[in-house]
Each structure stands twice: as structure tokens, then as C-alpha cells.
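Structural features, examined
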Amino acid sequence: MVKKVLPKGRVKKNSIKHSKKVGLPAGSLVHIGERKAEETRVTLIAYDAAGIDETLLETPAACRECRPGREKFWLNVHGLHEPEVLKEIGRRFNIHPLALEDILNTDQRPKADDYGDYLYLVARIFDYHPETQEISSEQVSFVIGENYVLSFQERATGNFAAVRDWLRGDRGRIRQLGADYLAYALLDQVTDRYFSVLEQISDRAESLEEDLIENPVAEQLTALHQLKTDTLSLRRAIWPLRDLVNTLLRSEQRFFKPDTQLYLRDVYDHTVHLIESLEATRDLIASMLDIYLSSLSNRVNKEVRALTVVALIFMPTTLITGIFGMNFQFMPLLADHNGFFYALLLMGIIATSIGFIFWRRRWL
Amino acid sequence: MVKKVLPKGRVKKNSIKHSKKVGLPAGSLVHIGERKAEETRVTLIAYDAAGIDETLLETPAACRECRPGREKFWLNVHGLHEPEVLKEIGRRFNIHPLALEDILNTDQRPKADDYGDYLYLVARIFDYHPETQEISSEQVSFVIGENYVLSFQERATGNFAAVRDWLRGDRGRIRQLGADYLAYALLDQVTDRYFSVLEQISDRAESLEEDLIENPVAEQLTALHQLKTDTLSLRRAIWPLRDLVNTLLRSEQRFFKPDTQLYLRDVYDHTVHLIESLEATRDLIASMLDIYLSSLSNRVNKEVRALTVVALIFMPTTLITGIFGMNFQFMPLLADHNGFFYALLLMGIIATSIGFIFWRRRWL
Amino acid sequence: MVKKVLPKGRVKKNSIKHSKKVGLPAGSLVHIGERKAEETRVTLIAYDAAGIDETLLETPAACRECRPGREKFWLNVHGLHEPEVLKEIGRRFNIHPLALEDILNTDQRPKADDYGDYLYLVARIFDYHPETQEISSEQVSFVIGENYVLSFQERATGNFAAVRDWLRGDRGRIRQLGADYLAYALLDQVTDRYFSVLEQISDRAESLEEDLIENPVAEQLTALHQLKTDTLSLRRAIWPLRDLVNTLLRSEQRFFKPDTQLYLRDVYDHTVHLIESLEATRDLIASMLDIYLSSLSNRVNKEVRALTVVALIFMPTTLITGIFGMNFQFMPLLADHNGFFYALLLMGIIATSIGFIFWRRRWL
Amino acid sequence: MVKKVLPKGRVKKNSIKHSKKVGLPAGSLVHIGERKAEETRVTLIAYDAAGIDETLLETPAACRECRPGREKFWLNVHGLHEPEVLKEIGRRFNIHPLALEDILNTDQRPKADDYGDYLYLVARIFDYHPETQEISSEQVSFVIGENYVLSFQERATGNFAAVRDWLRGDRGRIRQLGADYLAYALLDQVTDRYFSVLEQISDRAESLEEDLIENPVAEQLTALHQLKTDTLSLRRAIWPLRDLVNTLLRSEQRFFKPDTQLYLRDVYDHTVHLIESLEATRDLIASMLDIYLSSLSNRVNKEVRALTVVALIFMPTTLITGIFGMNFQFMPLLADHNGFFYALLLMGIIATSIGFIFWRRRWL
Amino acid sequence: MVKKVLPKGRVKKNSIKHSKKVGLPAGSLVHIGERKAEETRVTLIAYDAAGIDETLLETPAACRECRPGREKFWLNVHGLHEPEVLKEIGRRFNIHPLALEDILNTDQRPKADDYGDYLYLVARIFDYHPETQEISSEQVSFVIGENYVLSFQERATGNFAAVRDWLRGDRGRIRQLGADYLAYALLDQVTDRYFSVLEQISDRAESLEEDLIENPVAEQLTALHQLKTDTLSLRRAIWPLRDLVNTLLRSEQRFFKPDTQLYLRDVYDHTVHLIESLEATRDLIASMLDIYLSSLSNRVNKEVRALTVVALIFMPTTLITGIFGMNFQFMPLLADHNGFFYALLLMGIIATSIGFIFWRRRWL
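Residues numbered from 1 in each chain as written. Chains lettered and ligands numbered in written order. Predicted model: local features only at pLDDT ≥ 70, side-chain atom pairs only at ≥ 80, totals over all residues.

1. Side note on the arrangement of the chains
Just so we agree on the cut-off: Each residue gets a C-beta atom placed from its backbone, and two residues are in contact if those atoms lie within 7 Å.
Contact between chain A and chain C is absent, and the minimum C-alpha spacing across the pair is 9 Å. Over all C-alpha pairs, chain B and chain E never come within contact, reaching a minimum spacing of 9 Å.

See below:
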């Protein structure tokens, strides 16, 4: 178990931390990943068309004994570093040890597993930090039953605050619809978050693109590489998210009723849209590397050419000084009173002509 | 809601503006995108084999109450910035809030959604502006019911003027055929527009190609990159358009009757043709970058070589001046009356020989 | 309609001429493409096991009224610039306007459309012109009915002369077999033509390859690019041709009887073989660009290196002239009678040594 | 048969040793591969909920006659160089000659073959050796019957020690579950091992990445190439492993009961996760080559530029010495007492100015 | 028909010789390809569990009349340049003209065609010639009937000698099993041959790889290209071979009985293994080109840098000679008795310092 509390983690490019569990039998509950929350908070929101009750469950035991007073309810957990809490929730809702293991294991690949009585979903939520220009991501798991939704997050991110508000005010008739609609609303929030992150990556890419053409410098290569790595991280989360939603759409309609299916299809369209935008951004970034390399090569060539031309200007002038520096006894001009100045004039004319020729050819 | 009215928008490479809606429940009617039309215009064209009536619906309420006097009708909307109009049409035709949301959200990916009573289609129309050599695109949505077609455009583009004329003159027996044939005719217009745009992009690519081989300059790289981005934009619109038409073809023949299916298959062939031409253009552009880079490298190499050769010509001549500039007391030629000219002659011969050798080897 | 008669057209890389028809309703008969034939010629070959009758139909009206006297027949049309002829044939054989439109529109993508009573096939025939090293292509359409085959070509190419001969002499029992076997024979001729063209492209590629390694010059890049564009043109015609034959094989055996299916499978194998050879040629061409670039870079590097070495030889010799050109009052050798020659000797020794060192290292 | 005993073999990039068997009829038992174990060890672990018996079978004959006293058992073989042992086991368990051949042939591709009475699985286990930074791999085969599991390894690696411990202590109720759960547990150990290896490769890649950007040297290219080859080896083992597990999941549930299927699905998710991490690492490595090349080119360009600038500083100063070295009788300054120092001063000013200009432009 | 007898043909990269047949009706028996055998040899091996009879059929007519005295038989033909022999065999076994045509046409793509009474298979056998480091390939066809196998080879290669030996000695009970097992054994020999060839290509690639890193020379590029072309040839033969075996496995079990299917599955695994090894080798080769190019660029850069440094050493020394070569009347040191040596010393110090600085920076 990790002890250090980190406020928010930078996305590791290849978070393969599974190895910590090597040698443990299947279903062992161990938290794998950084501890991102100070403490574990379990909130229970019971609701129906008539009203809504919100309770904070303070002890693990309270989780096991909770009996919501209304038709539908939503249990939300922040902070996954206390396996004990998970164990109690698992007992209360009869969750399979493998599902509990996946909830605690925070480098899961997005997927949907059908356990008969409930559906287990796991996805990633991304955040973009403008000040550091970095992205971070967290795992969020859902357990969707007949009349309830359980959600598990690594820390309080405020991602689901909007849904909580809709429930409180019954906006969009959310309280009148089933728990499947609540699950949809949460999933929709997860998907929407990708749009913001992708938009910011795309903006960074376009502003970098303009810089690249005008003034290629070595730092841009690092920025490009960072962009590439970021899109790669997003890609690894969005593609399986699309498959997840597609699985929900194509599977028998036990958990998501036909009415909610329409909304799920909308989420599916969003994931497809995200994937296309992401791939377009990746294409753009790939083509920016070509531009960077040819701009760089173009600029360096220009510089070397300019320098060579300057060298060419000095060559004939130096030759003239050499000629008049020879020790022949009989040489023209040497005895001339203005010979020296004639020579200088000659050098000046030659240098100017060469400079002019190359300037005309735009080589300078 | 966007206030500024833009006559026609340049295609943003990655128009991800979805984020504006984050935090709103599903089905909220908000116009997302640039406002491109001054005002919203709703026209109703009711027709049957006998005749045609055209009406301009002036208020949102008129949309709700419209009762066309003929068998089939076409309702066309220009300008999407007034959600109120959409809401009234939605009420009149019983359109699902998600479909209305998609109509207003002008960065939709082309798709076809079956809502039971009607079919919702969304596509993009492209325009090429020769003066700026830029392409722009707009979203067009269709709602296809049993005996009606609703179309929604961001602004009046004149794309459907031809169809209106056919209806007026009953060319191609369009008034005698069902509303599904009208829907086909409109979709065909959308597809045809891609041919013009692609033809112009292809022409630009071919003229750039000839330039590239003859005289590679840095500006061409930017033009190439622009072409690449344009084909990318087209690609993102055509591929899903093909899928859209394919969906219509493969789905049960509720909205498109067998006779119209033949025509739809023709549209499908066009989209496949478009995709192949587009991919060929993209291949051409990719291979042009290779040509650009090697032409550039070829030219720079030639220049550096030419310069080096010139430098080589000056080296032996300068050596000769150095030799005759040495201060030995006993040196041949120094006392000779023509020694200076012999030396100059020697230099001339050497320079000419070197120049000739390299000229023979085509290095100059 | 295009007025100019072109003997044979060079393949445009991206022949998107569809835009000429924008704004016309579906089924409008307009010839799109270059006019390649002087006049339209319609020949009717009626045949059965007993004999063969050949007739030239001179007027459009004759097309409508033709009643062949034998069991099976083949109607061949050269020259597509007279829509009137097509219209009459369409009336006679009850051909759908969309099929007629596709026949006239000579940039069709190869495809097979089933119209119930007949099958409509469209493909491309390629020609290689050794004198210009260019390839050209034409569209050929077939309408295959129960006991007839109609073929439409842009001009008389002689591609089907062999089939006509087989019919006349009943070689391979072609007259005894059905019209489907005739259709197969024609399709086989089309496919065989690709082998010749591909063979020539492949030969060009291999001879270019040998040149490239030995002596890379800038012209080869253009040749390579031309080869690439040619293979791209072929590719765009062969892949859909394979799909076309595959469609015929997999569809219900209405037009092609089981016996002929065996022969069709042979044509299918040929198209697969063609595709693999083409892709191998494309791979070869792609790898030739790498060779070209590294050979070029290799050669330029060698030249620059050689030049630099020559420069290095002159440097120490020039330094020696400089040393003996200094104006010190007390310098060794200056007063020596052979000092000058000693200095020259020293220069010679140094220059020779450097030259020898670099020659040993194979730098010269 | 190979005689030399190698402690652990380095992964050959392309271990194609199949050719040794060319000319032998199918089912010939010959050990192909390196001999990695000193001697063959056969251990029999019989277990049920009540207890566990462990026996070491010392002779080949003992293998044929073994009758375990408990419900389920696991027979493990280390060392595959004695075909005789395999033959006896094959006789006892009625194993098909082709399966025995595959067990001995240690360059098998991971696969699952259903032989009716039992399932034959073959996979690879990878090891990473930190001291040499190399990876090695071994083949492991399983024969899974109704109530038994046979496992065959090239040498004792300790990979299954954990499973043996669980059996001894009945951790995770492993003794109470069927032989299929034991097979799952072993397969899970194999999969987990990949995580460690991939994590280490990924760490190496990331540390190399940082080096690359800061200080590109030629050795990194070899390291990159080694990384690429290692990921290629892993890839060739993981992709078919995923197919293997997928086959087990999709096939009829004869060997793996529904309860165990859930666990197999977990293994499947792990293989998918592995593949994605691996592909991400490969992407990273591919993009590192680009960085390496541009960093290298950047650095070399900087150096050549710096050198050229230095050359430029010496050119005008040398020109001045040349000018004052000319032999004109009338030249200014020559007779001046401080002329020499004026000239030196001039040279100093020029050199400093040029140096300053280029320093300002960051060229030095 | 080709007259020249070639002992063994080098693989043409793109053997498209189909064009020779253009204009002939389907089923025309013409040998296409090089004539590789002196004479056509037809051997008949009749066998059953009891014994084996071997006969050499000397005339074409003997082929038609052969009536083997045992249950199963194998007819093997070497040399395909005599269509007459094929025609007689075709008549005897009732083989379809298209199959006979494919046997004679020696650039067939590997495939399996089901003709109802018999199965027609065609594949390629590869050979590696160590002395020339080239690979060659030949076509081998099989006709598999109920109780017989016909095999057709271009020349006697000894590839099937092992199978003949097994038949003679009844090794692996081959005589007791059906003709389908014989067909499997022959196919297995064909597949095994690929392993040897691929192993040798792979060895060549690995030895070239080591050379590349240590000492990149231009010849390696040609070797790399040759390797690439060879793998391409293999690839074009192995991929369809896998499809062929897969077809046999998935088709109804008319020709291959369930017992033999197990063995066919083994052959299938081999082809998959071959494909993966081949693709890995191709990856290796592709990555070697990168290494070659960067090694080359690295080495050239080092050389140019070394040369430039040497140039830099001569510049300041030449400047000093220039300074003391100026003609000022008042200059220090000139009158000094050791001035000349002081100047030389100064030059020496400067040159040594520069040399030392660059040596420290590892530039020399």
C-alpha cells in the first residue's frame, strides 16, 4: 500500500504497476496506484420522483448496513486506499472479488464486465493543467445494478457535481427516470471531460504549428514529443471507452432500458467524434514533425550558404593582396603613387560585384 | 450563444467546440457554432403530382401550426441561432430532444439515426473559395418522415436551389415520386458538391507538383501542409458520409422504397468514388513531400558544390602568390622582366583548367 | 459535351470530372469525358452452335428495332459521345436510366450492379504506350442479360478482336456455351490486358532500379514519381475489379451458370495475382526511393569529402609560403642558394603525404 | 539432440530451429532447442480439499505407472531433453504424438489445441536480467484434462512456486476448486511475468528518452535498436497468448467451468492491457528514433556553424595582413611608427565585432 | 514455349509472364515459364499396407492407360514443358482444363481449388543457394483424389525423396493411412523447406546487422535491398500458402479425414509460425535501414568535423605569418635574432592548444 498522499498525479506514459501484485492469488484486495485522497469519503444519495436524501457514511460498517429509504440510490466513494471500505461495500452489494480487485487496481483499461446482477464499468477521467501544460488522469469505476449506481473515484474531482445538482433540482426529469439514466448521466460527464482536454491539446498543437513554420528551434521538438505522448495517453483511454459504450449498446437491454439506449447512442457518437478529432490531431502532429525537420534544414542551409558566400567575397580580394605581395622586381603599379589605392579599389569592386550577384540571386 | 455574424467560416482544422455544453443535461437546446445567417428563414414547400405551394413561415408559432395542403412537403430552415424556432418545429413533428440538440450543435459527425417515426441525418457541405484558396464547410441536417423532409442549414447557400427548380417544373418526375426521392435528391446535391471541392484541391495539388520539381521553395511546404489539412477535413466528412448512405442501404426499407434504393446505391457509389479520389490525392500529396525534400536537398547540394569548386579555383592561385611572395634571396623568375606576367599566366592556366575539369563533370 | 476528338488520352491522375453534371437530375444522359472516337459504331453479332451473323447497325433507330435471328447475341458499341444511340438501346433492352448514365460517365469506378433482368458491369482497360512510356485507360461497360451481352467502349481498341475470332471459328466451343460464357471471355480479355501493362511497368521499375544504385541523378526521381503515379492508377482500377468479380462469384447464380462460375473463379485468381504483383511493384518502388536518397547522399558526401581533402592539401603548403614570406631579418634558408627549392620540396612532400594518407583511407 | 547445458539462454531474435527436423515423419520425438536443465525432474502433486501429497517420480517408468491417491493432481516436468520421459507420460495420459512433438519443440508459437480428452496449451515465459539488460524466454506447455494439469518447462524457474505455496496452504480456496482453476492460476502466473518484463523495458525506454534529448551519442542508437528487438520478441509471444486465452473463453466450456471463465476473462483483460502497453512502448521507441536523429542533426549543425563562424573571423584579419603585405612603394601607415599596432588594432576590432554579432544571434 | 534449359532459375522479383497467353481461349495448354528439366519423368508409386510398386511411365500414352495394382497410388511428374504428357494425365484422371492450365502456368499464386472429384493445390518450393546467396523457387501442383495423389514439379529437386523413403519402409505407418495422409506428408515437406530458407535469410540479416553498426559501407545498402526483395518473394508465397491450408481445414472433410485434419492443423501452425518469423525478419530489415542511414550520417559527420578542425588549426598560424609578412617599417621582433623562431613557437603553441581543446571535446 502506498503511503504518500499526492495531490494530483502526472500521467505516467506507461503505467504498468501491475507487477506489485505478482504472486498474490486472484481476488486479493490491495490498492495499486498512488494515494491521491487524504481520506475515504462515502456518500449515499437516495432519490425518487418525490425527493432526495443525502447521507455521509462515516464508518466501513455503515456501508454494509445502509438501507436507503427511497426507490433508487447512488453511492459514491472518494479515495481508494482503504480496502476495508471496499470489502464492506462488496459484502453489502454482493460484488465479485475480481470486480473489487479491479476497482482498487487504478491502472485498469476501460472495459465493461457483466456479472449477472450488476454491470461493472471502469473508465479514465482526464484533466488538463494549464499552468504546467500537463495532463493527468484518474480511474473511475461504476457498479450499475437494477435500482442503484455505485461510483468509485481516486479523489474528489468535482466531475460529478453537475449530476448531483440535477438530482437536487430534478433538472431534465432525472429523478423520475431510472438508475440507468443516472448511470448514463455520469458516463456522459466522463466523456464530456475528454472534449475539454482534447480541445486544449489541439490548441497547443495549432499554436505550436505556427511557431514551427516561422522559427524552428530545438525546444519545439520536445514540445512536439510531449504532445505526441499526451495524445497517446488519451488514445489508450478513448478507444476502449468507445468499445465499452458499444458493448453496452449491443448487449441485451437488461441494465439500460430502450429509452436510455437512445442517450447511450449519443454518448457513443461522442466517443467516435472524440476518436476522429484525436486521430486528426495526431495526424497534424505527425505532419508537424516533417515541417519542423524541413524548416530546420531550410534554415541551417540558408545560414551555411550565407556564410559560404561571405567566404567567397574574401577569396578574390585575398588573392589580389597576394598578387601585389609577390616579390618580382618588375611589376606594374607598384611604383605608381596611387597603386595601393587602385588595388584597394579593385578589391572593393570585386567584393561589391560578388555581393551584388548573390544578393540578386537571393542567396544573402 | 454566439453573437457575431460571420458571412462564411473558414474550416477550423479541429473544431472541438463541444466543451461549451459541458455541465448541461442531455437535450438542452443551445446553438453551438458560429452564427452564419442574419436571420432564421423557414420555408414550406408542399407538393404533389398536381402542383406546388411555397410558403414563408414568419413566426416560430407558424412552424407549430403549419398544415400543408398537399400530400408531400419539404420544410427548409436557414439559420440555426434561434433555438425557439427549432423547439416549435420539434413540437410540431414530435422530434426527439437529442435530434434537436444535434441539429443545433454544428460540429456533428455525419451520421444517420433512426428514431422510429422518422430518420435523422446529418452531413457537411463543403465550399471552395478560389480567391483565398480556402475551403469552408457547414452542417446540414435532414429529418425524413413518411411524407415529408425537413432540412436545416446554417445559412442560405443555394445548394438546394436546383432541387427547388426541379420541384417547380416537375423535372425528372420528382413531384410524382415520394418524399424519399426528394430526400435522395437533396443528399445527391450534398454529395455532388464534394466533387467540385475535391476537383479544385486536386488541381491545386497537380499544379503545385509541377512547381515542386522545377523550383522548390520554402513557401511550397506551407502550401503542401495546407493541402494536407484540407484533405484531412474532407476525409473526416466523406468517410462517415459513406457509412451514412451505407446504413440507409442496408437498413430495412421503411423510409427509402425499393425504387429509391437504386438511386441511393448510386449516391453510395459516388461516395466510394470520392473516397478513392481523395485517398489518391492524399497519396500524391504525401509523395510530393518526398519530392520537395529531395529537390531541396538536390538544389542545396548543387549550390554548396558550386561554391566549393569556386573556392578550389582560388586555392592554387593563392598558393602561387604565396610562393612568389617568399623572401628567398635566390628565386627564379623574380628578376625576369616578364616574371610577374608568367606568374599571372600560370594562375590563369590553373584556374581555367580546374574550372574546365569541373565543368566537364557538370559540377558547375 | 466535349467537342474535341482526342486519339487516345493520357491518364489523368485524378480524373474527377463528375462536377460537370452538378445540378442535373438523376438519369440525365450526358457524355462525360473526352471524345475518343470519330463516330459511333454499333455491331450486332448473333450466334448459336449452328452459325454466326454479323450486322452493322447504322442508325440509332436500328438499335431499337434489332431482332437477332439466332439464340444468343452480342451488341458492341464503340464511341459514347452520342447519347441518342444509348437512349435507343436503353429503350430496346429496357435499361435503367442510372445504368445508361453510368455508361456515358467515363470515369466510373469498376462495379457490378444487379438490375434484376440484367447485370450492369463497368471496368477499365489499360494501355501502355512504349514510345512515351505512358499508360492510358478507357472505360468499358457490359450489360449481361439472359441470352445477350451488350458492351460499350469509348473507342475501337481491338481488345475484343480475339473473342470475335473465337466466335467466328467456334474455338473453345464458345458458340455452344451460353451468353454468360461470352461475358466471361470478354472479362477475361479485360483482365489479361492488365498483365501486359503491369509487366511493362515492372520492367521499367527494375531497369530503373539498376540505374539508381549505379548512378543516382535527379531525373530518376521524376521517373520514380511517374511509376508511383502509374501504379496508383492501376491500383484504383484493379482493386474494385477484384471486388466486381468476387461479387459475381458470391451472388446467386442467375447470370453465371455453375459451369461458367469455374471460369469466373479463374478470372478472380488472376485479379488477386495482379493485385499481389502490383503491391510487390509498389513495395519495390517505395524501397527504390530510399535507395535513391541514400545513393545520392552517399555520392554528394563523397564529393564534398574529396573537395575538403584537396583543400586540406593546400593549407599546409600555403602556411609554408607564409612562413618564408615573413619579414624577419634573421631567418634560416633565405640566403641559401637552394632555399627556394628546399621550400618547394617541403611543400611537395607535405602535399604528397596528405594525399597518400587520404588515398590509403579511400577518401579520394 | 543438443548436448551442451546452458544456464539460461538469451532470446534469439528469430529462433527458427525447426529445420533440424526436416525429413523426419510427423510425431517423431526429438528435443529441439538448447538444453537448459541439468536433469529432468518430474514432480506429482495430488490434492483435494482434505489435503495434499507431493511425490518426486524418479524414473521414466514411474511416470507411466503413477496413480495419484487424491481427486485432482498436477504433474510438473522440468527439463525436456529426455524424450523417453515424455514418451512414458504420453503413454500414461494418452497424449497425441503431435502434442508431445510440440512440447519438445521449444520454439512453438503460443497456441491452444483441443484434442478431445484434453487441452494442449503452449506459451512463453519471459525473464529480464538486470545485470546484462537482456531478456530471455522459455517455453512452457500445459496439458489440461478433466481432473489434472500437466506442465512442462525447459528448466526450474520458480515461476510456479507461488502456486505450489497456495496449494499447500489452500490460499484462495485453490484446493477446493477444480483442476481448471489450477490451470488458470498457472496461466495467470505466466501472464503476470510479462508485466515485470514490460515494466523494465518501459523504464529503460524512458531513461533512454531523457538521455537522448540532452546528449545524443551513437551508442544510444544501438540501445534503441536493442529495445526495439526486445519489444518485437515480447510482441511475438503476447499477441498469440491473447488469442490463446480468447480461444479458451469462446470455446465450449468443457475444460473451464463457468466460474473459472470469470477468472479467465480477467487473464484476457491482462493480455489486452499488456498488448496496449507494449504497443505504446513501441510507439515511444519509434518516436525516440526521430528525436535521436533530429537531436544529432541539430548538434552537428551547431558545431559546423560554430566552426564556420570562427573561420569567418579569421578571413578579414588575414585580408588586412595581406593588404599591408603588398609591395607598393607608396602606402599609407607603413612608415608610421605605430602603423603596425594600428593594423593589429584594426584586426582586433573587426574580429571582436564579428564575434559579437554572431554571439548576439546566438550562433556561437 | 521456351527452348532454353536452365538448371535452376533465380527468382524474378515480379514474375508476371502471364501476358504470353493473352489472346488464347481459356483452357489452352501452353507451358509458361522457364524450362528447368531436361526431360519429363513420370513415376507411379502404388502402395498399400502390404507393399509398394514403383513404375516409370515412359510414354504419354502410358499415363493414360496406367492401372495401379494397389489400393492407393502416387503419380509424380518432373518437367512440365511437354503439354502432351499433361493432356494424357488429364484424360486419365478427368482433370478440368483450367486445372491443367494452372499446372503448366508456373507463376501461379498458391491456392486450393475444389473440383468436386478432386482437389487441386498449387504452392511454391523455395531453395537457397549459399554460394550465390540467392533464392530460387519452383511451382509444385497437387491433384488429390479419393485414393491417389498426383504431384507436378518443374524439375527433380529431391524435395519428396524423404516421403518416398517413408513409403518404402512404411515409417510412421504412412502406407496404412489413406492418400490424404500422403498429401499431408508432401505438403509438410513443402512447408518445412521454407524454414530452412527463412533461417538462412534470417542469419544473413543478423550478420549484416552487426556489420552495419560497426562499419557502414555503400555495398550493405545493396545487400539490404536484396534481403528485402527476398523476404518479399517469400512473403508472396507463404501468405497464400497459409490461406490454402486454412481453406483445407475449414472446408468440409471430404478429402482430408478427421485424423489427418489434426496433422493439417499442425501444418497450419507451421505456416503461421513462418509468417511471424518472416514479418519479424522484415521488421529487423526495415530497422536496419534506419541504422545504416544514421551510422552513415554519423560517420560522415565525424569526418567532416575532423577535417574542419584541422582547417581551424591552420587559420591562426597562417594569420601570424601574414602579420609578420606586413611591410611596416617599425615592427617588433623583426630585427630580433630569434624573432623567426619566436614566431614559429607561437604558431606551434596555438596549433597545439586548438588541437588539445578539440581532442578534449572528442572532436578528433
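What follows continues from the structure just given.
2. Observations concerning the interface of chain B and chain C
For clarity, the threshold we go by: A run of H or I in DSSP becomes a helix once it reaches four residues, and a run of E becomes a strand once it reaches two; helices and strands are each numbered from the N terminus. Gly falls in the polar group here, along with every residue not listed as nonpolar (Ala, Val, Leu, Ile, Met, Phe, Trp, Tyr, Cys, Pro) or charged (Asp, Glu, Lys, Arg).
Counting residues at the interface gives 48 residues for chain B, matched by 43 residues for chain C. Of all the secondary structure elements, the ones that give two or more residues to the side of chain B that touches chain C are α4 (161–169), α5 (179–214) and α7 (258–324) of chain B. Examining the composition of the side of chain B that touches chain C, we find that 27 residues originate from one element, α7(B), more than from any other. Here the residues of the side of chain B that touches chain C sort into 21 nonpolar, 16 polar and 11 charged.

3. What to know about the sheet that holds strand β4 (residues 111–114) of chain D
Residues and elements named next belong to chain D. Under the convention used in this document: Pairing between strands is defined by DSSP: at least two bridges between them are needed. Every angle, taken between N-to-C directions, lies between 0 and 180 degrees, and every axis is a line fitted to C-alpha atoms, over only the stretch in contact when it is a helix.
With mixed pairing, the 7 strands of this open sheet are ordered in space as β2-β1-β3-β7-β6-β5-β4. Among the strands making up the open sheet, the edge pair consists of β2 (52–57) and β4. Each neighbouring strand pair of the sheet contributes to a mean axis angle of 20°, computed without reference to strand direction. The sheet contact formed by strand β6 (residues 134–144) and strand β7 (residues 148–153) spans 5 bridges and is antiparallel. Looking across to β7, one finds that S141 is bridged to F152.

4. Observations regarding the environment of E:T55
All names here are of chain E. In plain terms, the rule: Partly exposed residues are those falling between the two cut-offs: more than 12 but fewer than 20 other C-beta atoms within 10 Å of their own, whereas 20 or more means buried and 12 or fewer means exposed, with C-beta atoms placed from the backbone.
The residue T55 is located in strand β2 (residues 51–57) in this model. Classification of T55 by C-beta neighbours within 10 Å gives partly exposed; the count is 16. Taking the C-alpha atoms as reference, T55 lies 8.6 Å from V42; in sequence the two are 13 residues apart.

5. Points about the environment of B:L187
Within the secondary structure layout, B:L187 lies in helix α5. The spatial distance from the C-alpha of B:L187 to the C-alpha of B:L121 is 9.6 Å, given a sequence separation of 66 residues.

6. Considerations on the interface of chain D and chain A
Counting residues at the interface gives 48 residues for chain D, matched by 43 residues for chain A. Elements that contribute at least two residues to the side of chain D that touches chain A include exactly α4 (161–169), α5 (179–214) and α7 (258–324) of chain D. In terms of residues, the side of chain D that touches chain A owes the most to one element, α7(D), which gives 27 residues. Here the side of chain D that touches chain A is built from residues that sort into 21 nonpolar, 16 polar and 11 charged.

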